Structures are given as C-alpha cells and as structure tokens.
Amino acid sequence: MKKVFIKGGTIVNSKESFAGNILIEDEKIKKVLKPDEFIELDNDTKVVDAGGKLVFPGFIDAHTHFDLHVAGTVTCDDFYSGTKAAISGGTTTIIDFGTQYKGETLNEGMDNWLKKAKDGVFCDYGIHMSISDWNEEAKKECQDMMDRGVTTFKIYLTYDILLKDDEAFEVIQRLKEVGAITGVHCENAGLIFALQQEFVEAGLQKNVSSHYKTRPAAAEAEAIGRILHLAEVAGSDIIDVHLTCKEGLDEIRAARKRGQKVYAETCPQYLTMTNKLYELPGFEGAKYVIAPPLREQSDVDELWRALADGEIQTVSTDHCAFTFKQKELGINDFRKIPGGMPGVETRGIVMYSEGVSKDRISLEKMCEVLCENPAKLYGLYDRKGFIEEGFDADIVILDPKAQTKITAATQVSKCDYAPLEGKILNGHIDKVFLRGSEIVDNAKIKDTPEGKFLERKPYKKFL
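Residues numbered from 1 in each chain as written. Predicted model: local features only at pLDDT ≥ 70, side-chain atom pairs only at ≥ 80, totals over all residues. Heavy atoms only, no water.

**Thoughts on the side chain of Ser-132**
Within the element layout of this structure, Ser-132 appears in the loop between β10 (124-131) and α3 (136-147). On the accessibility criterion, Ser-132 (1% relative accessible area) is buried. Setting aside its immediate chain neighbours within four residues, Ser-132 contacts Gln-100, Tyr-101, Lys-102, Ile-161 and Leu-163. (Helix = DSSP H or I, 4+ residues; strand = E, 2+ residues; numbered from the N terminus. Buried < 20%, exposed > 50% of the residue type's maximum accessible area, 1.4 Å probe, protein only. Contact = heavy atoms within 4.5 Å.)

See the structure below:
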C-alpha cells in the first residue's frame with residue numbers, strides 16, 4: 001500500500017486556493033487537510049515537502065495526435081515518447097484522437113489505436129474517435145464506442161477526411177441519441193482550396209507564408225458558424241476545437257445568444273505566437289505550420305480575455321509533432337508541409353508563466369481550463385481534475401520561484417525543434433504523481449510506464 005503525505009503547499013483547485021496537506025493512499029487522495037488539522041502518519045509514509053510551491057491536480061490534455069499517419073508521414077512522437085513528454089510537464093492524462101480511416105469500421109479504428117499504446121504509456125489515456133467514413137455501420141457503432149468508454153468524437157470540415165454538411169448533420173444527430181458529443185475542426189475546405197490554387201498559379205507555392213494567407217480567419221469563422229447552425233437545428237451541443245481568432249469566437253458568442261451550448265478549446269500556440277513567424281527567412285517558418293494557422297496579435301489578446309471571462313472552457317495542445325526533416329516534405333509546395341507542432345510537455349508552464357504570472361488569468365482559472373473543465377467535458381470528473389478525497393492521486397507540484405528554459409536539446413519529445421526555443425518561463429514542474437506514484441522528480445522521469453486506459457463517462461453526467 002503506497003502512502004504519501006504532501007505537506008506545506010498551496011493547494012490549487014478551480015474554486016479556491018488554500019494552504020493544506022494531502023494524504024495519498026492506494027492511488028487515491030485519502031485526506032485533504034488544512035494546516036491546523038493533525039494526522040498521525042505511519043512509519044512507511046513518504047513525506048514530500050511542498051513548502052512555497054503550488055499543488056495542482058494533474059493536468060489533462062484532451063487533444064493530442066500520437067503515432068498518427070498523415071500528410072505522407074507519421075508523427076514523430078508515438079504513445080511512448082508522447083506520454084513521457086506529457087507527464088514531464090505535469091500532464092497526467094491525455095486523450096488522443098483515434099481515427100477511423102476510409103474503409104474501416106469505428107471498432108477497427110478503436111482497436112488500431114489501442115494497439116499503438118502496447119509499448120507502454122507514461123500517463124493515463126483515453127481515446128476520442130474521429131469519424132471519416134459515415135455510413136450505416138458507423139451509425140450503429142456509435143453505441144459500441146460509448147460502451148467501450150469512448151464518449152467523445154471528432155469530425156473535420158477540411159482535409160481529405162472531411163464530412164459533407166449532410167453527413168456532419170447526421171453525425172451530430174446520432175451522437176445526441178447515444179449521449180455523446182463531437183469536437184469539430186472548423187475550416188472552410190472549398191475556400192482554402194480556391195485560395196491555394198490562386199497562390200500556386202501565381203508561383204507562390206514555395207513560400208511558407210502562403211500557408212496562413214490561404215487559410216484566413218474567415219475560413220475558420222465560416223465553418224464555425226456553419227457547424228453551429230447545423231447543431232442548432234439538431235438541438236445538439238458541440239465543441240469547437242483549437243479556436244484561434246476573434247471572428248470564430250464571435251460566431252460562438254452568437255450561437256450562445258441563441259441559447260446553444262457550445263464548448264470552446266484553444267491551444268498555447270494561439271496564446272503565445274503570431275503569424276509573423278511564417279515570414280521568417282527561408283524555410284524556418286515551416287516549424288510553425290499548423291491548421292488553423294497562427295493569427296494576429298489582436299487575436300492572441302482576445303483569446304486571453306475570453307479565457308479569463310470563461311468564454312473558452314479548455315486549453316489543450318493539439319500536439320502533432322514532426323521533425324524539421326519531415327516538414328521539408330513541403331519545401332517546394334507549402335500545401336505538402338505536414339501541419340502540426342509539439343507542445344504537450346510545455347503547456348502547464350506556458351499557462352502559468354504567460355497567463356498567471358502576467359496577470360492574464362488567475363491560478364484558479366488555470367486549474368479550471370487545464371484540469372476541471374476537461375475532466376467534466378470528457379467524462380472523467382469522478383476521478384480526475386480536482387484535489388478532493390476519493391479522486392485519483394494525480395498531483396503536480398509547481399515551483400513558482402524557479403524558471404524553465406525552453407530548448408529542443410532538453411525536451412523529452414522526439415521533435416528536433418522547440419517552437420518557443422530559448423524562451424525563459426516563470427515556474428518549474430518540481431514533481432508529478434500519477435495515482436500516487438512519483439513519476440517525475442525535478443525533470444527526472446521514472447523509466448517504467450504506468451499509464452492506464454480510461455473508459456470515460458458521457459459528458460452530461462458532469463455538465
């Protein structure tokens with residue numbers, strides 16, 4: 001029976017922060033005590049001094065892409081390296097996007113993703129199911145997914161796995177029937193294709209900057225508005241994933257005024273970087289090619305305000321890492337640059353340094369968007385996302401007085417570059433516990449993967 005006593009820290013939950021102590025026993029939080037509450041400890045209890053430090057619930061990253069076949073290559077982080085990177089930065093739970101490729105059933109897609117984790121995972125994990133081949137069989141299997149603990153889905157309005165509007169509408173209706181919810185990648189595929197053709201005909205295919213110029217904010221906003229109107233008719237809730245811009249946010253605001261339930265997610269890259277990075281010399285800007293792309297500084301500022309005001313519910317990473325060599329697949333054609341970047345191991349510190357320490361959000365809001373809200377929305381709030389008796393003992397101890405320097409040379413991810421290379425951030429992840437087991441101690445990671453697959457509940461159980 002493992003027993004750990006974390007003493008002297010500031011416990012951070014979404015509703016309040018307070019000085020307190022935590023007793024961990026048998027993978028669970030046994031007691032949460034105020035400083036004046038006495039408890040007698042057994043001789044075999046490990047005592048961890050968290051004096052002067054912040055004690056968070058384990059962070060939850062509900063948007064990762066590990067071992068994903070896309071754009072003629074495979075993401076450089078698989079479940080082993082990706083979850084090791086995740087837990088090094090305080091993320092104790094990830095939810096990866098499994099994919100039903102064309103010609104596959106949903107069950108086959110699910111089985112394939114479970115096999116990807118066979119070499120071991122360092123944090124607990126769940127799976128969403130991305131639907132790309134909508135048919136009668138897939139419609140029936142939505143209930144199978146629910147029975148297997150996959151209670152959230154994803155559809156795309158762009159790429160070669162996009163669903164047409166009638167298919168998207170049917171998916172939304174069906175998921176409502178089974179008690180599920182879907183996240184949507186919102187970009188107008190037709191508009192993007194037309195702009196890309198114009199840029200190629202103009203001889204601009206070798207310019208990295210053509211990427212963001214052919215994926216304007218209007219393409220994202222239109223698709224958000226369209227899916228929200230489909231959801232309005234279906235009477236269904238919806239999640240907009242990786243929101244990047246004010247135009248898209250305004251579409252969500254309009255839907256909420258109509259009485260719709262819309263959940264919004266953004267990512268650290270959209271809170272810290274702008275499209276000026278695509279103008280870097282040579283091919284350097286390819287490191288930042290993601291979809292939707294980075295936007296203007298005014299959008300960055302608007303997203304921070306929306307986070308503070310509760311208009312955006314979660315911050316995930318969309319970790320989809322490729323090496324620079326892989327990015328060079330598009331060196332002669334910007335359309336072939338694999339879209340995605342790393343971020344799963346830096347999210348917590350980025351949110352503390354750029355959010356809390358710069359007074360953009362409170363400690364409690366940071367906990368809300370990294371822990372509590374994703375636990376509720378993704379069906380885990382009976383065991384994850386909160387420091388409370390009976391919950392899993394997933395704990396992150398963050399030292400606010402220390403600093404973290406971002407560099408590819410020291411990162412855990414297999415990616416050979418760091419988007420925030422050289423940036424010095426306030427705060428440092430001191431220790432990370434997964435169900436009471438100390439996995440990370442001052443950047444040293446326990447070499448034995450201890451993550452487990454999580455069967456998740458329907459979101460409406462918690463929201």
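**Quick word on the UniProt feature "modified residue: N6-carboxylysine" (unreviewed entry) in the protein chain**
The UniProt record marks Lys-154 with the feature "modified residue: N6-carboxylysine" (unreviewed entry), using the residue numbering of this structure. Considering the arrangement of structural elements, one finds Lys-154 in strand β11 (residues 152-156). For Lys-154, a relative accessible area of 1% translates into the label buried. (UniProt positions renumbered as here; feature names shortened; annotations may be inferred.)

**With respect to the packing of aromatic side chains**
For any pair of aromatic rings, the description consists of the separation of the ring centres together with the inter-plane angle of the planes. In the structure shown here, the tally under the stated rule is 14 aromatic pairs. Judged by centre distance (5.9 Å) and plane angle (65°), the rings of Phe-79 and Tyr-125 are edge-to-face. Note that Phe-79 is positioned in helix α1 (residues 79-88) and Tyr-125 in strand β10, a separation of 46 residues in sequence. Each of the two residues, Phe-79 as well as Tyr-125, counts as buried. (Phe/Tyr/Trp six-rings, centres within 6.5 Å; stacked < 30°, edge-to-face > 60°.)

**Quick notes on a negative patch on the surface**
A surface patch of like charges, here negative, comprises Asp-36, Glu-37, Glu-388 and Glu-389. With respect to the element layout, Glu-389 can be found in the loop between α13 (363-377) and β16 (395-405). Judged by its relative accessible area of 43%, Glu-389 is partly exposed. (Patch = residues over 30% accessible without salt bridge, like charges linked within 9 Å, V, L, I, M, F, W, Y side chains within 5 Å. Areas by Shrake-Rupley, 256 points an atom, 1.4 Å probe, with all protein chains shown as cover. Salt bridge = Lys/Arg side-chain N within 4 Å of Asp/Glu carboxyl O. Lys, Arg positive; Asp, Glu negative; His and termini not counted. Charge placed at Lys NZ, Arg CZ, Asp CG, Glu CD.)

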